Amino acid sequence: MELSEAINILVSERKQRQGDQLLTMKSSLSVGDKVEWYSSRYGRVQTGTVVKVKTKMAIVEETSMMQNWDIPMGMLKRVM
């Protein structure tokens, strides 16, 4: 019983931290911001410009291919 309670505490803490991260990114991102993210498809960090900010994701126009991607906010990092 103690192990399942500990797991429940960890799960709820993780959800809380992910929610806080989402709110932080959503409040700091706006259309036109330069961002970067790691693309597992290409195995490298990609860069782009935010086209639209949605509830949990952002549409980003990739710099090198001029293609739009729907990317989760948690994957994005704002760059200057």
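Residues numbered from 1 in each chain as written. Predicted model: local features only at pLDDT ≥ 70, side-chain atom pairs only at ≥ 80, totals over all residues. Heavy atoms only, no water.

**Side note on unusual backbone geometry**
Spelled out, the test is: Numbering goes from the N terminus for both helices and strands, where a helix is a DSSP run of H or I of at least four residues and a strand is a run of E of at least two.
Non-glycine residue M66 carries a positive phi angle of around 55°. Along the chain, M66 turns up in the loop between β3 (57-62) and β4 (68-72).

**Quick look at the pairing of strand β1 (residues 34-39)**
Inclusion rule: Type-normalised accessible area, obtained with a 1.4 Å probe on protein chains alone, sets the label of each residue: buried when under 20%, exposed when over 50%, and partly exposed for intermediate values. Note on pairing: DSSP must find at least two bridges between two strands before they are called paired.
By the alternation rule, side chains of β1 split into V35, W37 and S39, which are all buried, and K34, E36 and Y38, of which none is buried. Two strands pair when backbone bridges link them, and β1 and strand β2 (residues 44-53) are joined in this way by 6 bridges, in the antiparallel orientation. Paired with E36 across the bridge in β2 is T47. Counting the residues in the hairpin turn of β1 and β2 gives 4 residues, including G43, whose phi is positive at 70°. By the bridge criterion, 2 bridges tie β1 to strand β5 (residues 77-78) in an arrangement that is antiparallel. Paired with E36 across the two strands is K77, which belongs to β5.

**Focus: the environment of R44**
As a reminder of what qualifies: We call two residues in contact when some of their heavy atoms are within 4.5 Å.
The topology assignment puts R44 in strand β2. Apart from residues lying up to four places away in sequence, R44 is in contact with W37, Y38 and S39.

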